[in-house]
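Descriptive structure summary
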Amino acid sequence: MTNDRNEYGWRESNTIPRSRTRLEGFAKRENSGKQRKASREINHIFPKGQEKAQHPAQKGSERRAAVVIISAALLCIAIVAIAIWSAGQIAMNPAQETMADIQLTRSQKEVQGGQEWTGSLVSLGSFENYQQLSDPLLVLVNDEVPIPDSWQVTPAFVDDETVDNRIYQDLSAMIEAAERENVWFWIASGYRSVEDQERILSREIENHMRDDNMSEEEARELSLRTIARPGYSEHHTGLVIDLNDVSDNFEETVAYQWLCQHGAEYGFVQRYRSDKVEITGIDNESWHYRYVGPEHAKKMNELNMCLEEYVLYLKDQGIT
């Protein structure tokens, strides 16, 4: 029998002592439990197969948030850009006000050719004790300013109507130029004496009283909106013409459009316009043209002024 005891008297065997085996088993079970617990904690945080990847819903939410932020930033940039552009446009193109659009108590500043005009706005009542300019083509006659006592008319005849000789040459040239373009207009009324004006006004008042059942006072007030008082009519100057059928329909004709484009070249301006009623006191008359000479007519159109405005503008420039 083989002696299998060692030097200490213990029997050697390939079998691990039971007590040692039990301890190792306890250790294995403890380690296994720790591993399962760690695995459950990991699976709770990151589901299986997604430990490194985010949930699709979470990714979509983050994308939408990024899109909203970027869109808001772009919108803010666009608003700022538009505001800067608008400010630049206003600086380059300041709003221009016409005299009829603003209060009569304010002052006007017109800049033309480097000159600035600061003058009182024109209104009816601005011409008390008015002194005429020395240029006879700029003689002013309105409801406040009568025809000067010294005014003289040298008659000339166009279409059987009398006009002042000072307008004859340019008036004839204008009519001929229009005819070459197949545009036709004729002189319905030119120079009128004070007596002629009295008859015209009286007839108009009678017509309103008869046809419109108005009192004489009402008929006179209405008539004076289109017919000047005797002694206060531009027709007394001989520098004025009424064209064609003397009606509002003239504004819709080719002749009127032609005059708007070419009238100033021959020295004529529409004397009473719809945007100047507060200044002239006369309703729009598309057929009523005043001769002031080509130089003044072009300047009046450039400045967008009626005659009342223009003569005060010249006075403010030191012209007498």
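Here we summarise the structure given alongside this text. Quick caveat: nothing in here was measured; it's all calculated off a predicted structure. Numbers given for residues are sequential positions, taken from 1 along each chain in its written order. Per-residue local features of the predicted model are confined to residues with pLDDT of at least 70, and side-chain atom pairs are confined, for both listing and counting, to 80 or more; whole-chain, interface and lining totals are unaffected and use all residues. In computing side-chain values, all of the structure's heavy atoms are included and hydrogens and water are not.

1. Points about the overall build of the protein
- A tally of regular secondary structure across the protein gives nine helices and eight strands.
- Contact criterion: two residues are considered in contact whenever any of their non-hydrogen atoms come within 4.5 Å of each other. Considering only contacts within the protein whose residues lie at least 6 apart along the sequence, 63% involve residues at least 24 apart.
- Surface accessibility in these figures is a Shrake-Rupley result with a 1.4 Å probe; residues are shielded only by whichever protein chains are displayed. Element-wise, carbon and sulfur atoms account for 51% of the exposed surface of the protein, whose accessible area totals about 21,000 Å². Strands here are runs of E lasting at least two residues and helices are runs of H or I lasting at least four, both read from the DSSP assignment and numbered beginning at the N terminus.

2. Details of helix α6 (residues 254-262)
- Exposed residues in this analysis have more than 50% of their type's maximum accessible area, buried residues have under 20%, and partly exposed residues fall in between, with area computed by a 1.4 Å probe over protein chains only. Turning to α6, its buried residues are Ala255, Tyr256, Trp258, Leu259 and His262. Buried residues of α6, seen end-on, are gathered within an arc of 160 degrees and therefore sit on one face of the element. Opposite the buried face of α6, by more than 90 degrees, sit the exposed residues Val254 and Gln261.
- Buried residues along α6 sit against α3 (165-180), β6 (240-243), β7 (268-272) and β8 (285-291). In this description, the arc belongs to the directions extending from the helix axis to the C-beta atoms.

3. Let's talk about the packing of aromatic side chains
- For this analysis, a ring pair means two rings from Phe, Tyr or Trp (six-membered ring only for Trp) whose centres lie within 6.5 Å, classed as stacked if their planes differ by under 30 degrees, edge-to-face if by over 60, and tilted for the remaining angles. Taken as a whole, this structure holds six aromatic pairs when the rule is applied.
- Relative to tryptophan 258, the ring of phenylalanine 185 has its centre 6.1 Å away and its plane inclined at 50 degrees; by these criteria the two rings are tilted. Here phenylalanine 185, found in the loop between α3 and β5 (187-189), pairs with tryptophan 258, found in helix α6; they are 73 residues apart in sequence, far enough to count as distant. Like phenylalanine 185, the residue tryptophan 258 is buried in the burial classification.
- A centroid spacing of 6.3 Å and a plane angle of 20 degrees characterise the contact between tyrosine 310 and tyrosine 313, whose relative ring orientation is stacked. On the criterion of helical spacing, the pair formed by tyrosine 310 and tyrosine 313 is a turn pair, its members being three residues apart in helix α9 (residues 307-316).
- We classify tyrosine 310 as buried; its relative accessible area is 3%.
- By relative accessible area, which is 5% here, tyrosine 313 ends up buried.

4. Some remarks on the sheet that holds β7
- Strand order in this open sheet of four strands is β5-β6-β8-β7, and the pairing throughout is antiparallel. Looking at strand neighbours, the two that pair on one side only are β5 and β7, the edges of this open sheet. Taken pair by pair, the neighbouring strands of this sheet meet at an average axis angle of 50 degrees, ignoring direction. Pairing between two strands requires that DSSP report at least two bridges joining them. Structural elements are reduced to axes, namely lines fitted to C-alpha atoms, with helices fitted over the stretch in contact, and the angle between N-to-C directions of any two is expressed from 0 to 180 degrees.

5. Points about unusual backbone geometry
- At aspartate 160, a residue that is not glycine, the phi angle is positive and equals roughly 65 degrees.
- Here aspartate 160 shows up in the loop between β3 (155-158) and β4 (161-164).
- Looking at aspartate 160, the relative accessible area reads 77%, which means it is exposed.
- Of note in this structure, asparagine 213 is not a glycine but carries a positive phi near 55 degrees.
- Of note, asparagine 213 is situated in the loop between α4 (194-211) and α5 (216-223).

6. Brief notes about α3
- Here, expected helix span is obtained from the residue count minus one, scaled by 1.5 Å. The end-to-end C-alpha distance of α3, which contains 16 residues, comes to 24 Å, matching closely the 22 Å that a straight helix rising 1.5 Å per residue would cover.
- For α3, the set of buried residues is Ile167, Leu171, Ser172, Met174, Ile175, Ala177 and Ala178.
- Between N or O atoms, a polar contact is any pair within 3.5 Å; within protein, one atom must be a potential hydrogen donor and the other a potential acceptor, and residues adjacent in sequence are included only when both atoms are from side chains. N-cap assignment for α3: the residue whose side-chain oxygen lies 2.8 Å from the backbone N of arginine 166 is aspartate 164.
- The first or second residue beyond α3 is asparagine 182, which carries a positive phi of 60 degrees.

7. Description of the pattern of salt bridges
- Salt bridge, as used here, is a side-chain nitrogen of Lys or Arg placed within 4 Å of a carboxyl oxygen of Asp or Glu. Taken as a whole and assessed by the stated rule, the structure comprises 12 salt bridges.
- Two residues, aspartate 283 and arginine 225, come together in a salt bridge whose shortest N-O distance is 3.2 Å. Taken as a pair, aspartate 283 in the loop between α7 (277-280) and β8 and arginine 225 in the loop between α5 and β6 lie far apart in primary sequence, 58 residues in all.
- What makes aspartate 283 partly exposed here is its relative accessible area of 23%.
- In this structure, lysine 299 engages glutamate 302 in a salt bridge whose closest nitrogen and oxygen atoms are separated by 3.9 Å. Taken as a pair, lysine 299 and glutamate 302 lie in helix α8 (residues 294-303) at a separation of three residues, close to a single helical turn.
- Classification of glutamate 302 as partly exposed rests on a relative accessible area of 47%.

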